[in-house]
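Analysis of the macromolecular model
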Amino acid sequence: MAPVDLNSGANDGGSGMEEKLHLITRNLQEVLGDDRMKAVMKERDLKIYWGTATTGKPHLAYFVPMSKIADFLKAGCEVTILLADLHAYLDNMKAPWDLLALRTEYYERVIKAMLKAIGVPLEKLKFIKGTDYQLSKEFTLDVYRLTSMVTEHDAKKAGAEVVKQVEHPLLSGLLYPGLQALDEEYLHCDTQFGGIDQRKIFTFAEKYLPQLGYKKRSHLMNPMVPGLTGGKMSSSEEDSKIDLLDSAPAVKKKLKKAFCEPGNIADNGVLSFCKHVIFPLLGSEKFTIERAPENGGNVDYSDFNGLEAAFAEQQIHPGDLKATVERHLNRLMEPIRQEFESPELKKLVQRAYPPPGKKPAAAAEQDGPHRLDMRVGRVVSVERHPEAETLYVERIDLGELEPRTIVSGLVQHVSEDELRGRLVVVLCNLKPAKMRGVESRGMLLCASAEEPRAVRPLDPPASARPGDRVLVESYETGAPDEQLNPKKKVWEKLQADLKTSATGVAEWQGNPLMAKDGAVTCTALKSAPIR
């Protein structure tokens, strides 16, 4: 594909203004505030920002915004790409900080490789991480100012298409739209660019930024590109996307499965690739369908409308269209594949996106508390161990089909009546162990003091229910180990940082242990280790 000419039509009077507008707005679904955008363009070139939350692995549909970024640059715009690591963290805690750092690095490297593949000079762009400025005093104070104006209803509505919606949303998800609105001011842009799924956040920004004393920006919105299986292309649906590092055989396999019904131009992911990725990057090159002479021979198209009309009239067979798209996609992807053949980038990919079933490298290195399967339980029954005077045998409801048997050394510290019926916190993924002939399938977590000797079970919130997960705040992401490996001393390493605070809150490295409805506590033993 032809490199992007960033000088053509950039500064040549009135006709240049119209050409710039055409480049900036072509193939968009909607523009908000075009009058504001035109007013700026009469004085100077636009400053545009596009942000991407660094969560799922970027796929081929990222060429859609990349081709628009090429258009913006060709129109003389100043473009900032925001690697929104803080937004990614706030989006229902999709990844912990250690993993986000790796993914943010991957995003920058792969986006640069994509832009180079389509001939966009990187010196025309600016990359910035959200945490480079979103943790500043000024930004933080503006977040607080915004929270004093925005209702829960407006915050939830604004993020409805972007932040995962749950019955009881986390406050982090409600903050997400406000931070994205403030990005416009702190990145000093005139216009924000994004997908049509961002529309509610954009209108949120138009409403609230002026209330903070900041100017209202314009907004450019791309349509949502159908995936190869129909519907929105998704990082989480493997068959709906082509990964940027997929091999040529993998591209062929996925395109072969792609929905491309003869004559159907609605929700056709293959045609959408042509419209939003291939044709904008062709330059003077034609889109050539290669066919055998008996099937009509080769046919050229210089614009997408001609191709779409021919496909609608079934003049183009889906197989021939797929073969042509496959050829163009591999041309786009090959420079990216080659760049990521380096040992350094191969290692980065493996650490940022470990294969399913494997722990993230960063998490494995740090033995994070997400590996602990801690749950709220209710003691159904408690009896003395028949073979040990200091041990209880408890049956604890953990929201499973049957109560679990737990053996604990609490006889000298807690009475049977005190234990029976109470809520407790149980570590559920220890390897089962025989204790004087009775198998214990977990550990009842307690705060413990040496002088004077005292042991008290942790207290979940009174409204908690058996089976509720207990998580360490800021470490909510990631499935716990199915069973902690006793040889690697995972529990012993993590337990060293478990204790109650001076106010009686159970913590790991200063981060509170949280059940669904509040913090886990032990007010009877403050500043005490948890064992």
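Structure: above.
Summary of the structure given here. (Residues numbered from 1 in each chain as written. Predicted model: local features only at pLDDT ≥ 70, side-chain atom pairs only at ≥ 80, totals over all residues. Heavy atoms only, no water.)

1. Re empty space enclosed by the protein
A full pass over the atoms with the stated rule returns four cavities of 30 Å³ or more. Its volume calculated, the second largest cavity comes out at about 50 Å³. Residue lining of the second largest cavity: R26, N27, V64, S67, K68, D71, N222, H276 and P280, and that is the complete set. Classifying every residue of the lining of the second largest cavity gives two nonpolar, four polar and three charged. (1 Å grid on protein atoms, 1.4 Å probe; cavity = no way out; pocket = protein on both sides within 12 Å on 5 of 7 lines; lining within 4 Å. Points joined across faces, edges and corners; volume = space filled by probe spheres on them. Nonpolar A, V, L, I, M, F, W, Y, C, P; charged D, E, K, R; others polar.)

2. Remarks on the side chain of Q198
Tracing the backbone through its elements, the reader meets Q198 in the loop between strand 5 (191–195) and helix 9 (199–208). For Q198, the contacting residues outside a window of four places in its chain are V162 and Q180. (Helix = DSSP H or I, 4+ residues; strand = E, 2+ residues; numbered from the N terminus. Contact = heavy atoms within 4.5 Å.)

3. Concerning the packing of aromatic side chains
What the rule picks out here adds up to twelve aromatic pairs. Consider the rings of F72 and F193, whose centres lie 5.1 Å apart with planes at 85°: the pair is edge-to-face. A residue pair is termed long-range when its members are at least 10 positions apart, and F72 in helix 3 (residues 63–74) and F193 in strand 5 qualify at 121 residues. The pair F72 / F193 is uniform in exposure class, with both members buried. Considering the side-chain rings of Y106 and F340, the 5.6 Å spacing of their centres and the 70° angle between planes classify their relative orientation as edge-to-face. A residue pair is termed long-range when its members are at least 10 positions apart, and Y106 in helix 5 (residues 97–117) and F340 in the loop between helix 13 (318–339) and helix 14 (343–352) qualify at 234 residues. The same class applies to Y106 and to F340, which are both buried. Sitting over the ring of F127, K112 keeps its end group 5.4 Å from the ring centre. (Phe/Tyr/Trp six-rings, centres within 6.5 Å; stacked < 30°, edge-to-face > 60°. Buried < 20%, exposed > 50% of the residue type's maximum accessible area, 1.4 Å probe, protein only. Lys NZ or Arg CZ within 6 Å of the ring centre and 35° of its normal.)

4. A few points about the environment of V382
Here V382 lies in strand 9 (residues 374–384). Under the relative-accessibility criterion, V382 is labelled buried at 3%. Sequence separation between V382 and V393 is eleven residues, and the spatial gap between their C-alpha atoms is 5.7 Å. If we ignore the near neighbours within four places in the chain, the residues touching V382 are Y392, V393, E394, E416, L419 and R420.

5. Some details on the pattern of salt bridges
According to the stated counting rule, one finds 33 salt bridges in the structure shown. E416 is the salt-bridge partner of R420, the closest N and O atoms lying 3.4 Å from each other. Note on E416: relative accessible area 25%, which makes it partly exposed. Connected via shared salt-bridge partners are D373, R375, E400, R404 and R469. (Salt bridge = Lys/Arg side-chain N within 4 Å of Asp/Glu carboxyl O.)

6. As for the sheet that holds strand 4 (residues 125–129)
Across a sheet, strands are paired by hydrogen bonds formed along the backbone, either parallel or antiparallel in direction. As summarised here, the arrangement of the six strands in space is 1-6-5-2-3-4, forming an open sheet in which the pairing is mixed. The sheet terminates laterally at strand 1 (30–32) and strand 4, the two strands that pair on one side only. Between one strand axis and the next, the sheet turns by 25° as a mean value, whatever way the strands run. In this structure, strand 3 (residues 78–84) lies alongside strand 4, joined through five bridges in parallel fashion. Within the sheet, the bridge partner assigned to I81 lies in strand 4 and is F127. Here helix 2 (residues 34–43) sits on the sheet and contacts strand 1, strand 5 and strand 6 (218–222); the angle it forms with strand 1, its principal contact strand, is near 70°. (Pairing = 2+ DSSP bridges. Axes fitted to C-alpha atoms, helices over the stretch in contact; angles between N-to-C directions.)

Remember, this is a structural readout, not a statement about activity or role.
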